[in-house]
Every structure is written in C-alpha cells, then in structure tokens.
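Analysis of the macromolecular model
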Amino acid sequence: MLAAEARSRASVWEEFQAAPGPLASAETWRRTDFSAWGLERLTEPDAPALPIDWKEEAARAGRLGVELLSLEDAAAKYPRLVEPRLAPSAPAELRKLELANRVAWRSGVFLRIPAGARVAEPLRLSLRHAQAPFQLPRVLLVAEDGSEASFFEEHLSSAVPAGASSPPVSIASSDVVLGAGARLRCVYGQDLHASAVHFWRQRVSLGRDASLEHVSLLLGASLHKSSLEVELAGTGAHSALYA
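Given the structure is predicted, the values throughout are model-derived calculations rather than measurements.

Rules and cut-offs
Residues numbered from 1 in each chain as written. Predicted model: local features only at pLDDT ≥ 70, side-chain atom pairs only at ≥ 80, totals over all residues. Heavy atoms only, no water. Helix = DSSP H or I, 4+ residues; strand = E, 2+ residues; numbered from the N terminus. Rg over C-alpha atoms; globule rule 2.2 N^0.38 Å. Buried < 20%, exposed > 50% of the residue type's maximum accessible area, 1.4 Å probe, protein only. Contact = heavy atoms within 4.5 Å. Areas by Shrake-Rupley, 256 points an atom, 1.4 Å probe, with all protein chains shown as cover. Lys, Arg positive; Asp, Glu negative; His and termini not counted. Charge placed at Lys NZ, Arg CZ, Asp CG, Glu CD. 1 Å grid on protein atoms, 1.4 Å probe; cavity = no way out; pocket = protein on both sides within 12 Å on 5 of 7 lines; lining within 4 Å. Points joined across faces, edges and corners; volume = space filled by probe spheres on them. Nonpolar A, V, L, I, M, F, W, Y, C, P; charged D, E, K, R; others polar. Phe/Tyr/Trp six-rings, centres within 6.5 Å; stacked < 30°, edge-to-face > 60°. Lys NZ or Arg CZ within 6 Å of the ring centre and 35° of its normal. Polar contact = N/O pair within 3.5 Å; in protein donor to acceptor, adjacent residues only side chain to side chain. Salt bridge = Lys/Arg side-chain N within 4 Å of Asp/Glu carboxyl O. Pairing = 2+ DSSP bridges. Axes fitted to C-alpha atoms, helices over the stretch in contact; angles between N-to-C directions.

Glancing now at the overall build of the protein. In terms of helices and strands, the protein carries five helices and 12 strands. Over its C-alpha trace the protein gives a radius of gyration of 18 Å, about what one expects of a compact globule, namely 18 Å for 243 residues. The C-alpha extent of the protein, read off along each of the three principal axes, is 50 × 40 × 40 Å. For the protein, the residues scored as buried account for 49% of the 243 residues in total. Restricting to contacts in the protein with at least 6 residues of sequence separation, those with at least 24 account for 86%. Surface accessibility of the protein: about 11400 Å² in total, with carbon and sulfur atoms responsible for 53%. One finds the centroid of the 26 positive side-chain charges in the protein at a distance of 1 Å from the centroid of its 29 negative side-chain charges.

If you want it as structure tokens, here you go:
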C-alpha cells in the first residue's frame, strides 16, 4: 500500500469512528434497519482481500483489449484518474457505509477500456465474497472516449459456516467513468448467501454524448440495499435504468 493511501485511510478511519449512523427518520432508512450492517463490529481498518486470480483475470481481459489491474496498482499508475474516485462523496444518510468501505477495502479491481475500443465479448467480473464478517469490494471501470462494451459485475458467496454468530456483511462500491461518446451496457448481479446483508453503491459519470444502459438482478441475501447515482456530466449524455 502506498504511504499516501495509508495516511488517507488513517484519516478516514478516524472519521468513520466519529461519524454517527443515519437518522431513523431519514427517507432512505425508513423501511430498512441500518443496524443490520453491524458496523460497530468493524473494529480494524482492514478487510480480507478479494480471492481473485490476478494473472488469469488480467490475461483474459488482455485478450479482449482491456487493461485489468488491482486498484492499488492502478492508483500508482494512474493517480490522477483513481484518487478522485476514492474520495468520500456519499450523502449524509449513506456516509457511514461509504466510510467503512473506503477505509478497509483491499485488492479492489480497476478496468480500463482504451479509447475507440469495441469489446466484442461481455466483460464479466465475478466477486466471490470470502467467509469473513465483512467483505468490502471496490471496483473502478473507466471507458475512454469512443469505446463500447458490456460489463457484468456479479457478487457471489460461499456457504456460511454452521453456527456463525452473525450474518456476513458486505459493503460494495462501484465507480464507472465514461468518456466522450463511450457506450456501456452494465449488468449488476447479486446472488449472495440467503443470510447475507449487502449494500451496493454505484456512481457513474457520463461525458459528452456518452450512453449507459443499466440492469440490476437481485437473487440473494436476506437484506439488500442499493444506491445508483448517475451524473450526466457532458452535453448529450444519456442513461437508461432498468429494474
């Protein structure tokens, strides 16, 4: 981990510890019990790394003309691109969850689709959640100017050990940046263990004439909450969201 990132996490950890949970009267949480995420049990600013075979995944992405790196490596290679997407930005009612992910993620995933590339096959990223109290995946996908692709981000889990004292909790963050004229078809799938508690937040920024089509498929977990934020940052940008 870069020294600057370690210092940033230490600062965010202090903010996380001091941050209150959302008001129960907040519209976002009126029908959902925030305490189900059990953030008081997150006592160390660290979480298990995602079980990803980086060599195999990078080779598969490379055959499609796509660059795949760990988010840590991407932060070192593309700091001006990655660092702004790591800065906390969630509204107050989601701030505590965002800070938990920001402070403790490990081995996040970075995908870059080069300018003008037309990716013939769907990009599939399977994030298999480990058997741990908390799993905090983080994904950043950058589709450069004029590129086009389909992207499937799926969250899966192994069986939960018998006698587990608390349900597995996951807090996932996904950022997508589309350059001018880029086109992305994005599918989010969640098929976690039936006892799991899951939160997923995605931020998408669309440049000039960029286009996003988004579909969510929710099949698992005992409790799931999503937040999808789309910024039409450029003239002519367009998004279509399907349940």
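Text resumes after the structure shown.
What follows deals with the layout of surface pockets. Taken as a whole, the second largest pocket spans an internal volume of roughly 200 Å³. In terms of lining, the second largest pocket is formed by E57, R60, A61, R63, L64, L68, L111, E121, P122, L123, R124 and L125. At the level of elements, α2 (54–63) and β3 (123–129) are the ones that each hand at least two residues to the lining of the second largest pocket. The leading source of residues in the lining of the second largest pocket is α2, at four residues. Across the lining of the second largest pocket, the residue classes break down as seven nonpolar, no polar and five charged.

The next thing to look at is the packing of aromatic side chains. For any two aromatic rings, the description comes down to two numbers: the centre-to-centre distance and the angle of the planes. Across all of its chains, the model carries five aromatic pairs by this definition. Relative to W200, the ring of Y188 lies with its centre 3.8 Å away and its plane at 10°, an arrangement referred to as stacked. Here W200 lies in strand β9 (residues 197–206) and Y188 lies in strand β8 (residues 183–191), a separation of 12 residues in the sequence. Counting every residue linked through ring pairs, the aromatic cluster contains W29, F34 and W37. Sitting over the face of the ring of F16, K96 holds its NZ or CZ atom 4.5 Å from the ring centroid. Seen from the ring of W29, K225 lies directly overhead, with NZ or CZ sitting 5.1 Å from the centre.

Moving on to the environment of S157. Secondary-structure assignment places S157 in strand β6 (residues 148–157). Taking the relative accessible area as the measure of exposure, S157 reaches 22% and is therefore partly exposed. For the pair S157 and H193, spaced 36 residues apart in sequence, the C-alpha separation works out to 5.9 Å. In contact with S157, other than residues within four places in its own chain, are R128, H129, D191, L192 and H193. A polar side-chain atom of S157 sits 2.7 Å from the main-chain amide nitrogen of H193.

Attention now moves to the pattern of salt bridges. Under the criterion given, the structure shown has 16 salt bridges. Between E27 and R30 there is a salt bridge, and its shortest N-O distance comes to 3.1 Å. Grouping residues by exposure puts E27 and R30 together as exposed. The closest approach of N and O atoms between D209 and R208, which form a salt bridge, is 3.6 Å. Take D209: its relative accessible area is 44%, and that puts it in the partly exposed class.

Here we come to the sheet that holds strand β10 (residues 211–218). The sheet built from five strands is open, its strands ordered β3-β6-β8-β10-β12 with parallel pairing. Of all the strands in the sheet, the pair left with one neighbour each is β3 and β12 (238–242). On average, each strand axis in the sheet is tilted by 15° relative to the strand beside it, whichever way the strands run. Of the strand pairs in this sheet, β6 and β8 are connected by nine bridges, and their pairing is parallel. Looking across to β8, one finds that L156 is bridged to D191.

Let's shift gears to the pairing of strand β5 (residues 138–143). Residues in a regular strand project their side chains so that they alternate between the two faces of the sheet. Across the six residues that make up β5, a large majority, six, are buried. The alternating pattern of β5 places R138, L140 and V142 on one face and V139, L141 and A143 on the opposite face, and all of these are buried. Where strand β2 (residues 109–113) and β5 come together, five bridges link them in parallel fashion. Across the sheet, residue R112 finds its bridge partner in β5, namely V142. As defined by bridge partners, β5 adjoins strand β7 (residues 169–178) across six bridges and the pair is classed as parallel.

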